[in-house]
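Below, each chain spelled out in residue letters.
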Amino acid sequence: MKDSVAQSCPVLKLLSNKVGNILCFRNAPKKYRRLDAKLETKMIELKRSSSGQTNFRSINSIILKFPQFREGLKEIKAVFEQFDEDSNGTIDREELKKCVKKLQFHVKEEEINDLFHSCDVDENEGIQFNEFIVLLCLIYLLTDSSSSSRNTPKIGSPELEATFNTIVEAFLFLDKNGDGKLHKKEVVKALNDDCPSEKSPSHVTRIRFKEMDWDRSGKVSFRQFLFAFLDWIGVNTDDENHATER
């Protein structure tokens, strides 16, 4: 039944193929809560400032931008390799501090530690590539824009900044009630609105939501959404290290 639904709705088919390894990270430790609370506040602020305006009209309009997202995130690989000084495929805490300093982010050490713990989802004391993308996006999002001039990108790259902004916009599109987090009802509505003639059965929509809701709390933070989103767009698809497990 699941296959027939996926075939009748291309959107569901694309999403159903991107479950990935992310489902194994089910428990959200208390150490995540402080960062997620900051992100929730930030998302509420952004939703209000945008007055609900978005360039996205459906899940399908987001999926059509997946190639653009992949291209926009490619340059992060060079940054990752530069600061992975021992070339072991991960960035440890000290390497991360050097990276943040080099990129001229104004982040306190306590905040760096919070980010490290929150992005090191497999708790191996090292930030892998996908985790590094999440970490940079969160730093970009939480860094005070007043620390950069209008003409100077906060992250040093207009292309990357535009990519992060569009990912944020995708989250805001799904956050229908503007409370800074995603709820199952919102995600189900977004999935079904794109193919109204083929409503997704409840077991399929539950799977879609579980891809983001690791701790089964019924709500999804931007951090959780971002990890799932990177799996969906297949950011490592063209990378020779794609087979390396997180």
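You'll find the chain entered in an unreviewed UniProt entry as Calcium-binding protein CML22 isoform X2, with Nicotiana tabacum given as the organism.

Quick word on the state of the cysteines
In the structure shown here, the tally under the stated rule is 0 disulfides. Of all cysteine sulfurs, the one in C137 lies closest to C119, which takes part in no disulfide; the gap is 9.6 Å. For C137, a relative accessible area of 0% gives the class buried.

A look at the packing of helix α3 (residues 33–50) against helix α10 (residues 158–174)
Their axes nearest at 11 Å, the elements α3 and α10 cross at an angle of 85°. It follows that α3 is roughly perpendicular to α10 by the angle criterion. In this structure, α3 uses M43, L46 and K47 to contact α10, whose residues at the interface are V168, F171 and L172. Grouping the constituent residues of the contact of α3 with α10 by class yields 5 nonpolar, no polar and 1 charged.

Some points on the nonpolar core
Within the largest apolar cluster, 65 residues are counted, with the highest numbers of intra-cluster contacts made by F164, F222, F225 and F229. Residue contributions to this core peak at 11 residues, all from helix α9 (residues 129–142). Residues within four places of F225 in sequence aside, it is in contact with I167, A170, F171, L174, L182, M212 and V220.

Quick notes on the rules
- Residues numbered from 1 in each chain as written.
- Predicted model: local features only at pLDDT ≥ 70, side-chain atom pairs only at ≥ 80, totals over all residues.
- Heavy atoms only, no water.
- Disulfide = S-S within 2.5 Å.
- Buried < 20%, exposed > 50% of the residue type's maximum accessible area, 1.4 Å probe, protein only.
- Axes fitted to C-alpha atoms, helices over the stretch in contact; angles between N-to-C directions.
- Helix = DSSP H or I, 4+ residues; strand = E, 2+ residues; numbered from the N terminus.
- Parallel < 35°, antiparallel > 145°, perpendicular 65-115°, else oblique.
- Contact = heavy atoms within 4.5 Å.
- Nonpolar A, V, L, I, M, F, W, Y, C, P; charged D, E, K, R; others polar.
- Core = buried A, V, L, I, M, F, W, Y, C linked by side-chain atoms within 4.5 Å.

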